[in-house]
Amino acid sequence: QVQLVESGGGLVQAGGSLRLSCAASGGTFSAYDMGWFRQAPGKEREFVAAIRWIGGTTYYGDSVKGRFTISRDNPKNTVYLQMNSLKPEDTAVYYCVARSGSFYREIRRDYDYWGQGTQVTVSS
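Source: prediction; values computed, not measured. (Residues numbered from 1 in each chain as written. Predicted model: local features only at pLDDT ≥ 70, side-chain atom pairs only at ≥ 80, totals over all residues. Heavy atoms only, no water.)

**Here we look at the overall build of the protein**
Now for step 1: A count of helices and strands for the protein gives 0 helices and 11 strands.
Now for step 2: When the helices and strands of the protein are read in sequence order from the N terminus, they spell out β-β-β-β-β-β-β-β-β-β-β.
Now for step 3: Rg of the C-alpha trace for the protein: 13 Å, near the compact-globule value of 14 Å for 124 residues, within the 12% margin.
Now for step 4: If one aligns the C-alpha atoms of the protein with their principal axes, the spans along those axes are about 40 × 25 × 25 Å.
Now for step 5: Expressed as a percentage of the 124 residues in the protein, the buried residues total 44%.
Now for step 6: Working note: accessible area of the protein is about 6300 Å², and carbon and sulfur atoms make up 47% of it. (Helix = DSSP H or I, 4+ residues; strand = E, 2+ residues; numbered from the N terminus. Rg over C-alpha atoms; globule rule 2.2 N^0.38 Å. Buried < 20%, exposed > 50% of the residue type's maximum accessible area, 1.4 Å probe, protein only. Areas by Shrake-Rupley, 256 points an atom, 1.4 Å probe, with all protein chains shown as cover.)

**Regarding the sheet that holds strand β3 (residues 18–25)**
Now for step 1: On the basis of which strands lie adjacent, the open sheet formed by 4 strands has the order β1-β3-β8-β7 and antiparallel pairing. Both outer strands of the open sheet, β1 (3–7) and β7 (68–73), are each paired with one neighbouring strand and no more. Here the average twist between neighbouring strands, direction ignored, is 15°.
Now for step 2: Of the strand pairs in this sheet, β1 and β3 are connected by 5 bridges, and their pairing is antiparallel. Paired with Glu 6 across the bridge in β3 is Cys 22. (Pairing = 2+ DSSP bridges. Axes fitted to C-alpha atoms, helices over the stretch in contact; angles between N-to-C directions.)

**So, the packing of aromatic side chains**
Now for step 1: If you walk through the whole model with that rule in mind, you get 5 aromatic pairs.
Now for step 2: Arranged with centres 5.6 Å apart and planes meeting at 75°, the rings of Phe 37 and Phe 47 form a pair that is edge-to-face. On the criterion of sequence distance, the pair formed by Phe 37 in strand β4 (residues 32–39) and Phe 47 in strand β5 (residues 46–51) is long-range, its members being 10 residues apart.
Now for step 3: With a relative accessible area of 6%, Phe 37 lands in the buried category.
Now for step 4: Assessed through its relative accessible area of 11%, Phe 47 is described here as buried.
Now for step 5: A network of ring pairs unites the aromatic residues Phe 37, Phe 47, Tyr 95, Tyr 111 and Trp 114 as a single cluster.
Now for step 6: Of note, Arg 45 hangs over the ring of Tyr 95, and the distance from its end group to the ring centre comes to 5.3 Å. (Phe/Tyr/Trp six-rings, centres within 6.5 Å; stacked < 30°, edge-to-face > 60°. Lys NZ or Arg CZ within 6 Å of the ring centre and 35° of its normal.)

**Things to note about the environment of Thr 78**
Now for step 1: Within the secondary structure layout, Thr 78 lies in strand β8 (residues 78–83).
Now for step 2: Once residues lying within four places of it in the same chain are set aside, the contact partners of Thr 78 are Ser 21, Cys 22, Ala 23, Phe 29, Ser 71, Arg 72 and Asp 73.
Now for step 3: A polar side-chain atom of Thr 78 sits 2.8 Å from the main-chain carbonyl oxygen of Lys 76. (Contact = heavy atoms within 4.5 Å. Polar contact = N/O pair within 3.5 Å; in protein donor to acceptor, adjacent residues only side chain to side chain.)

**Some words on the pairing of β3**
Now for step 1: Where β3 lies against β8, 6 bridges are found, and the strand directions are antiparallel. Counterpart to Leu 18 in the pairing with β8 is Met 83.

Treat this as a map of the structure, not an account of what it does.
Right, here's the structure in full:
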């Protein structure tokens with residue numbers, strides 16, 4: 001069983017930056033695809049970013065492309081989400097996700113493990 005713990009959320013002004021971290025335990029981190037989703041009040045959960053277990057290929061949702069960067073540090077069992085040029089519409093609870101590495105499952109949708117989430121609020 002994989003446990004995921006997010007940190008780094010908070011309140012920031014529009015145009016500012018935040019870095020989210022997700023510490024994983026209970027599995028072989030280097031063998032997992034990792035990602036981030038978010039959910040704003042009254043809205044559906046939205047794919048934000050993902051990084052493959054092998055090769056480190058990254059994927060981004062259209063709304064964050066060019067502003068957010070996902071990365072991973074396998075020795076530290078941690079995945080990061082660097083968020084720049086934040087906008088009020090980025091306000092949401094951000095969830096870290098994980099799954100065993102796979103090229104047969106949709107990387108923008110299909111995950112087995114979810115963290116508790118961390119709140120990000122961007123003020124205008």
